[in-house]
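# Notes for the structure review
Residues per chain, in single letters:
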Amino acid sequence: MERLPVTDTTHVLVLTGAGISAESGIPTFRDAGGLWEGHDVREVATLDGFVRDPLLVWRFYSQRRAALDGVVVNPAHHALAALEARLGERFLLVTQNIDGLHRAAGHTRLIELHGDLMRSRCSRCDRPPFEDRSVYRPNVAPMCGRCRAAGKDALLRPDVVWFGEPIDRGHLARIEAFVRAAGRSLVFLAVGTSGLVEPAASLVDAARTVGGHSWLVNAEPPANAARFDHVVLGKAGTTLPALLAA
Ligand code: OAD
């Protein structure tokens, strides 16, 4: 079994997608039986869809919150947390997942690129996003409450990034700085992601530009597989602990 080449100077940037949580029992998006099979992305994961039918969107996210009940981290999450503990500042994890499992595994050097399922924010005012584990009843679209003081209440929305919405510039700047500082000592590792959604899908090119090496662990070859130096096919829960064994 191959090992990720990690020396005393190696910097590791990890990108994860839904595949890393699959063995915790959370469905991915694009696999058979995945979340996008039963739902139209435009209806439940865009701002237009939310404006058209907030009840439908909240039903979708409330179901996803309910589905997280009792879900626990798997050996792939633990293997990455152990790598962070080993490397400290030479490690950064970027996840597209909103399930909070990397945080539950103990990561602190973590960027949740697409937000957090268990947070909400106002769709209008600048009140900071707040923890919200509520599973709303199907006919309830939750309201901000604080906007009411200004005379007109506004809908709450999940604190997630929808299609067509920008990624937090601070997140992108932090990733860029990490890649630049690492230079040729960078090892980029993508796990469980289909390589179809930007900007995550192009992180592999950023790593290549600075002379780093790129690795991919995925159940099957994703759309951008040809852009990686090393491809390891297999389930993350078994493959990753072996690849990252100290
Ligand atoms: P996808 O569902 O597109 O891809 C999941 C990938 O994980 C696939 O390539 C699978 O082959 C692989 N996979 C499945 N089970 C696995 C396992 N046990 N071990 C390793 N790999 C496995 O999910 P993402 O790439 O995360 O965005 O999707 C990216 C973004 O598109 C999501 O964050 C979401 C979605 O639409 C938004 O909602 C904005």
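Summary of the structure given here. (Residues numbered from 1 in each chain as written. Predicted model: local features only at pLDDT ≥ 70, side-chain atom pairs only at ≥ 80, totals over all residues. Heavy atoms only, no water.)

The next thing to look at is the overall build of the chain. Scanning the chain from terminus to terminus reveals 10 helices and nine strands. If one aligns the C-alpha atoms of the chain with their principal axes, the spans along those axes are about 60 × 35 × 30 Å. Each of the 246 residues in the chain was classed as buried or not, and the buried ones make up 50%. Long-range pairs, those at least 24 residues apart, make up 67% of the contacts in the chain between residues at least 6 apart in sequence. Entry remark: accessible area of the chain is about 12,000 Å², with carbon and sulfur atoms responsible for 53%. Each charge sign in the chain was given a centre, from 28 positive and 27 negative side chains, and these centres are 4 Å apart. (Helix = DSSP H or I, 4+ residues; strand = E, 2+ residues; numbered from the N terminus. Buried < 20%, exposed > 50% of the residue type's maximum accessible area, 1.4 Å probe, protein only. Contact = heavy atoms within 4.5 Å. Areas by Shrake-Rupley, 256 points an atom, 1.4 Å probe, with all protein chains shown as cover. Lys, Arg positive; Asp, Glu negative; His and termini not counted. Charge placed at Lys NZ, Arg CZ, Asp CG, Glu CD.)

What follows is about the nonpolar core. The biggest cluster of nonpolar side chains holds 24 residues, and the ones touching the most others in it are Trp36, Trp58, Phe60, Tyr61, Leu68 and Trp162. Every element with two or more residues in this core is listed here: helix 2 (35–38), helix 5 (54–67), strand 4 (115–122) and strand 6 (156–160). Among the elements that line this core, the one with the most residues is helix 5, at four residues. The contact partners of tryptophan 36, leaving out residues within four places of it in the chain, are Phe29, Arg30, Val41, Val44, Ala45, Phe60 and Phe163. Listed in part, the 22 residues of the second largest apolar core include Leu83, Phe91, Leu110 and Val191. (Core = buried A, V, L, I, M, F, W, Y, C linked by side-chain atoms within 4.5 Å.)

Here we take up the side chain of threonine 16. When you line up the elements, threonine 16 lands in strand 1 (residues 11–16). Of note is the side chain of threonine 16, whose polar atom sits 2.7 Å from the side chain of threonine 95. In this view, threonine 16 contacts Leu80, Leu93, Val94, Thr95, Gln96, Asn97, His102 and Val191; residues no more than four positions away in its chain are not counted. (Polar contact = N/O pair within 3.5 Å; in protein donor to acceptor, adjacent residues only side chain to side chain.)

On to the packing of helix 6 (residues 75–87) against helix 10 (residues 236–243). Viewed as axis vectors pointing N to C, helix 6 and helix 10 meet at an angle of 25 degrees, and their least axial separation amounts to 7 Å. Overall, the two elements helix 6 and helix 10 adopt an arrangement that is roughly parallel. In this structure, helix 6 meets helix 10 at a crossing whose hand is left-handed. Of helix 10, the residues touching helix 6 (which contributes Pro75, Ala76, Ala79 and Leu80) are Ala236, Gly237, Leu240 and Pro241. Considering only residue class, the contact of helix 6 with helix 10 consists of seven nonpolar, one polar and no charged. (Axes fitted to C-alpha atoms, helices over the stretch in contact; angles between N-to-C directions. Parallel < 35°, antiparallel > 145°, perpendicular 65-115°, else oblique. Left-handed = near helix turned anticlockwise from the far one by under 90°. Nonpolar A, V, L, I, M, F, W, Y, C, P; charged D, E, K, R; others polar.)

A few words now on the sheet that holds strand 2 (residues 91–95). Ordered in space as 3-2-1-7-8-9, the six strands form an open sheet in which the pairing is parallel. Among the strands making up the open sheet, the edge pair consists of strand 3 (110–112) and strand 9 (230–233). Along the sheet, successive strands turn relative to each other by an average axial angle of 15 degrees, direction set aside. For strand 2 and strand 3, the ladder comprises three bridges, and the chain directions are parallel. (Pairing = 2+ DSSP bridges.)

Next up on the list: the site of the ligand. Residues in contact with the ligand amount to 24 residues; listed here are only the nearest, Ala18, Phe29, Arg30, Thr193 and Ser194. One nitrogen or oxygen atom from the main chain of glycine 192 is found 3.4 Å from an oxygen atom belonging to the ligand. A distance of 2.7 Å separates an oxygen atom of the ligand from a polar atom in the side chain of threonine 193. Taking 790 Å² as the accessible area of the ligand by itself, protein coverage stands at 94%. When the residues that make up the shell around the ligand are grouped by side-chain class, the tally is nine nonpolar, 10 polar and five charged. (Near = heavy atom within 4 Å.)

Moving on: the sheet that holds strand 6. A sheet is described by the order of its strands in space; here three strands give the open sequence 5-4-6, paired in antiparallel fashion. Of all the strands in the sheet, just strand 5 (130–131) and strand 6 have a single pairing partner and so form its edges. When strand 4 meets strand 6, the two strands line up antiparallel, connected through four bridges. By the bridge assignment, arginine 121 is partnered in strand 6 with arginine 157. Helix 5 rests against strand 4 and strand 6 of the sheet, and its axis sits at about 140 degrees to strand 4.

A complete count under the given rule lists 12 salt bridges for this structure. A salt bridge links arginine 109 to glutamate 84; its shortest N-O distance comes to 3.6 Å. Here arginine 109, found in the loop between helix 7 (101–104) and strand 3, pairs with glutamate 84, found in helix 6; they are 25 residues apart in sequence, far enough to count as distant. Put simply, Arg103, Glu112, Asp116, Arg119, Arg121 and Asp159 are held in one network by salt bridges that share partners. (Salt bridge = Lys/Arg side-chain N within 4 Å of Asp/Glu carboxyl O.)

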